[in-house]
Amino acid sequence: MKRRMMALLLAGVMGVGMMSGCGSSKSADSGKVVREESDEPIDVLNQDEKMKLSIVCLQGYTQPDSEIQKWMEDRYNLDIDIIALPGWSDATSKISLLMGDETQRPDIIWWWNMEADYTKWVDAGLLVDISPYMKKYTNMVDYYNSVDPGVMFYASGDNGIYRIPGDVAEPACETLWIRKDWLDNLGLAVPTTLDELEDCLYKFTFDDPDGNGVDDTYGWNGDGYDYRTFWPWIQGSGDGNGRMDFLRLEDGSYIYGPTTDDCKEWLGRVAKLYADGVIDPSIITDTDRDEEMANGGFGATYSWVSWNNPSSGTMQSFYASNPDAEWIPIDMVSGDNGNPQDEPATIAAWCYFGITNVCSDPERAYAIFDDMATPENWIHKKFGVEGRDYKDNGDGTYEIINPGDGAVNTEQNLGINLFQDLFARKDAANIANTEETTELFEKVKENSRDAYAKTIEKKNPDAYTVNNDLGTDIGDAMKEYTWGVIGGGKSLDDWDSYVDKINGLGLQDVLDELKEIHGKQVEDYQKYLEEYNK
């Protein structure tokens, strides 16, 4: 690792702030605040001049002039302009347009999955290096380090830190769910192996588990056109190396999961279930798991741990239509390898936000979001007013009265859950989690570490030029064949031809590049952890 990069990393993630102000002045030419060089933080709660702040967001509350927005404006002397992005499919195009036009560029930009664009923004000077601020304002950095010190490693660059992690998932976010009422109706025990799970799924499909005398149930369903839907089979087949991505094995070698015998095995099992009518046929299209869950009609799925909370909108919708039903989370079933694993999430943030070069006072902007990251301020922004929007039960549990996606929040313009993905806490401040849900998150985390050890995270995806050149064709060929096998349009008899096709598209070149670049990143990360632990 470059010495300069390490110094910036350590300064950014380990610095400790102080509690006094510093001088500032406004440039007559640019209208931007120019601050004197100082290691001391500004008093962000006592700024005389009103600051305009345009902020891009997608998820969370986006109506203007809400109660929470006005609370932020009063607290920090702001004039906030919320720029709400369109849906997921069009958001990245809108973000690119905003960043490409200085007259439209916001003060705070939010994005996800735009690595090439992000690199261009940094090279063009469109984003502010916020590493100096991280030494003085430490709420966000302290939280991310408590999650994992690697969070800031992945956020940083060689010459500074230009992006702030917006949302970092729990180390594992999903668990195996099953209809207990259907198990009870059919006299079945909770499955503990893949074979037992499949037996339950067949009976859920053909033995009238809801007792209505109508053939209207399926054993399994989930997010359509999403491989994680099939995680129980992926993790339990062979050595669990059939994951639909590149993997790094314990010996330091790299493989492509979709070309392994483990993948062939789980595809065969799932394809049979689909052909036999045990899996809802909608699973091969781009359907929404939460919506399918609310509709009922299937008996097991692999999905969010947060469904365990009484405030879960998906579960509330389901129980409104199925009041006598009961979903329960169960332990991951064991497959051939005898090492049941839950699916790990990544250490790196899945989305980021940054301060752009048009912001009049970047340090003040950073300090505002850092102050918003304290548990008490984040709870207020996320959950609203105690007594009205949530209730403290006095025993360490809370009742969510007005959820952020509820009608009252919109009708009364409360603004609960404003700027959802511009920093999110997953610790005790997330009062929506019951004690049981917190324990469930911890359980799936511990039960996913062996799988995570094989996960590849790229610190700088743009550096993988071979993969970026060949990866799309490889991925498209893989998806065409594997989803074809699942849906019955293609045969596993053609497996060898499929693997030959993937190899012919340059797979080995991609693996060689991974070994070179990612292998070096693994070494850098270990050095970083050693320095951090000191």
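Residues numbered from 1 in each chain as written. Predicted model: local features only at pLDDT ≥ 70, side-chain atom pairs only at ≥ 80, totals over all residues. Heavy atoms only, no water.

Peer 1: Help me get a handle on the overall build of the protein chain, residues and values and all.
Peer 2: Looking only at helices and strands, one finds 21 helices and 15 strands in the protein chain. Here the protein chain has a C-alpha radius of gyration of 25 Å; the compact-globule value for 534 residues is 24 Å, and the two agree. Projected onto its principal axes, the C-alpha coordinates of the protein chain cover approximately 75 × 55 × 45 Å. Taking the contacts inside the protein chain whose residues are at least 6 apart along the sequence as the reference set, 75% of them involve residues at least 24 apart. Taken as a whole, the protein chain presents about 23400 Å² of accessible surface, with 46% of it coming from carbon and sulfur. Across the protein chain, the 46 positively charged side chains and the 99 negatively charged ones have centroids separated by 6 Å. (Helix = DSSP H or I, 4+ residues; strand = E, 2+ residues; numbered from the N terminus. Rg over C-alpha atoms; globule rule 2.2 N^0.38 Å. Contact = heavy atoms within 4.5 Å. Areas by Shrake-Rupley, 256 points an atom, 1.4 Å probe, with all protein chains shown as cover. Lys, Arg positive; Asp, Glu negative; His and termini not counted. Charge placed at Lys NZ, Arg CZ, Asp CG, Glu CD.)

Peer 1: Can you lay out the packing of aromatic side chains for me, pointing to particular residues and giving the numbers?
Peer 2: Counted by the stated rule, this structure contains 36 aromatic pairs. An angle of 85° between the planes, with centres 5.3 Å apart, marks the rings of Trp 111 and Trp 121 as edge-to-face. Of this pair, Trp 111 sits in strand β5 (residues 108–111) while Trp 121 sits in helix α4 (residues 115–123), and the two are ten residues apart along the sequence. Across this residue pair, the class does not change: Trp 111 and Trp 121 are buried. Taken together, the aromatic side chains of Tyr 225, Tyr 227, Phe 230, Trp 266 and Trp 483 make up a single cluster linked through ring pairs. Cation over ring: Lys 459 sits above Phe 153, and NZ or CZ is 5.1 Å from the ring centre. (Phe/Tyr/Trp six-rings, centres within 6.5 Å; stacked < 30°, edge-to-face > 60°. Buried < 20%, exposed > 50% of the residue type's maximum accessible area, 1.4 Å probe, protein only. Lys NZ or Arg CZ within 6 Å of the ring centre and 35° of its normal.)

Peer 1: Pulling in residues and values, what's your account of the sheet that holds strand β7 (residues 174–179)?
Peer 2: Within a beta sheet, neighbouring strands are joined by backbone hydrogen bonds and run either parallel or antiparallel to one another. Taken in spatial order, the four strands make up an open sheet running β8-β11-β7-β12, and their pairing is mixed. The open sheet terminates on both sides in strands that have one partner only, identified here as β8 (218–220) and β12 (327–330). Direction aside, the axes of adjacent strands within the sheet are offset by 30° on average. Both β7 and β12 contribute to a ladder of four bridges, which runs antiparallel. Residue pairing for β12: Leu 176 is matched across the bridge by Ile 330. (Pairing = 2+ DSSP bridges. Axes fitted to C-alpha atoms, helices over the stretch in contact; angles between N-to-C directions.)

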